[in-house]
Amino acid sequence: MTPQQRKQIKAKIIEDLAALEHEITGLKEKTKPITPDVSLGRLTRLEMIGEQQVNEHALHEAEIRENKLKYALQKVDNEDYGLCAECEEEIPFGRLMILPEATHCIECASESGQ
Ligand SMILES: [Zn+2]
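Note that the structure is a prediction, hence the values are computed from the model and not measured.

About the thresholds
- Residues numbered from 1 in each chain as written.
- Predicted model: local features only at pLDDT ≥ 70, side-chain atom pairs only at ≥ 80, totals over all residues.
- Helix = DSSP H or I, 4+ residues; strand = E, 2+ residues; numbered from the N terminus.
- Rg over C-alpha atoms; globule rule 2.2 N^0.38 Å.
- Buried ≥ 20, exposed ≤ 12 C-beta atoms within 10 Å, placed from the backbone.
- Contact = placed C-beta atoms within 7 Å.
- Axes fitted to C-alpha atoms, helices over the stretch in contact; angles between N-to-C directions.
- Parallel < 35°, antiparallel > 145°, perpendicular 65-115°, else oblique.
- Left-handed = near helix turned anticlockwise from the far one by under 90°.
- Core = buried A, V, L, I, M, F, W, Y, C linked by C-beta atoms within 7 Å.
- pLDDT = per-residue confidence, 0-100.

Chemist: Looking at this structure, I do not really get the overall build of the protein chain. What am I missing?
Modeler: For the protein chain, the count of helices and strands is 4 helices and 0 strands. Starting at the N terminus and ending at the C terminus, the protein chain contains elements arranged as α-α-α-α. Scaling as 2.2 N^0.38, a compact globule of 114 residues should have a C-alpha radius of gyration of about 13 Å, whereas the protein chain reaches 19 Å, well beyond that. For the C-alpha atoms alone, the extent of the protein chain along its principal axes is close to 55 × 30 × 20 Å. Burial statistics for the protein chain: of 114 residues in total, 10% are counted as buried. Of the contacts made within the protein chain by residues no fewer than 6 positions apart, 65% connect residues no fewer than 24 positions apart.

Shown next as structure tokens:
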């Protein structure tokens, strides 16, 4: 990985984190407890609960990714960032730009299911 590529990945992590934080804020708003006196509008209460469960799941996933990205941001300047934790090969730059929190190359990730 060149220093330039490392910079690009770092910028990507910061960008992804900002987008994720925005998403999390929105999802937290949507997963607030439904008050009994809420004006239901077009949605029935049951539909609202279903939708809330979907949002809670999305929120959970978003928070997991946020943690991974924060961790990646701490590690990005380290010498071993971008090396596969399993086989120690370099993770391709293209993969890191899509998934900067990746700790495994594509082969090891598909084998271990990570
Ligand atoms: Zn590997």
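We are not done yet, so read on.
Chemist: It is not clear to me how the environment of Glu 79 should be interpreted in this structure. Could you clarify?
Modeler: Positionally, Glu 79 belongs in the loop between α2 (45–75) and α3 (93–98). For Glu 79 and Ala 19, which are 60 residues apart along the polypeptide, the C-alpha to C-alpha distance reads 27 Å.

Chemist: Would you explain the packing of helix α1 (residues 3–30) against α2 in this entry?
Modeler: A pair of packed helices is captured by two measures, namely the crossing angle of their axes and the spacing between those axes. Look at α1 against α2: their axes get within 9 Å of each other, and the N-to-C directions meet at 155 degrees. Here α2 runs roughly antiparallel to α1, going by the angle between their axes. Our pair here, α1 against α2, has a crossing hand that is left-handed. On the side of α1, the interface is formed by Ile 13, Asp 16, Leu 17, Leu 20, Glu 23, Ile 24, Leu 27, Lys 28 and Lys 30, while α2 contributes Asn 55, Ala 58, Leu 59, Ala 62, Glu 63, Arg 65, Glu 66, Leu 69, Lys 70, Ala 72 and Leu 73.

Chemist: Looking at this structure, I do not really get the nonpolar core. What am I missing?
Modeler: In summary, soluble globular proteins display a tendency toward joint burial of nonpolar side chains. Listed in full, the 8 residues of the largest apolar core are Ile 9, Ile 13, Leu 69, Ala 72, Val 76, Ile 91, Leu 96 and Cys 105. Mapped onto this core, the elements with two or more residues apiece are α1 and α2. Not counting residues within four places of it along the chain, the set of residues in contact with Ile 9 comprises Val 76, Leu 96, Met 97 and Pro 100.

Chemist: Help me out: how do you make sense of the environment of Glu 107 in this one?
Modeler: Summarising the element assignment, Glu 107 is placed in helix α4 (residues 106–112). In this structure, the C-alpha to C-alpha distance between Glu 107 and Cys 84, residues 23 residues apart in sequence, is 9.7 Å.

Chemist: How should the environment of Tyr 71 be read in this particular structure?
Modeler: Residue placement: Tyr 71 occurs in helix α2. Using a count of 13 C-beta atoms within 10 Å as the deciding quantity, one classes Tyr 71 as partly exposed. Sequence separation between Tyr 71 and Gly 94 is 23 residues, and the spatial gap between their C-alpha atoms is 19 Å.

Chemist: Is there a simple way to think about the confidence of the model for the protein chain in this case?
Modeler: Caution applies to low-pLDDT parts of the model: their predicted coordinates are not meant to be read in detail. Overall, the prediction assigns the protein chain a mean pLDDT of 91, with 90% of residues at 70 or greater. Mean pLDDT values for the elements of the protein chain range from 89 in α4 up to 97 in α1.

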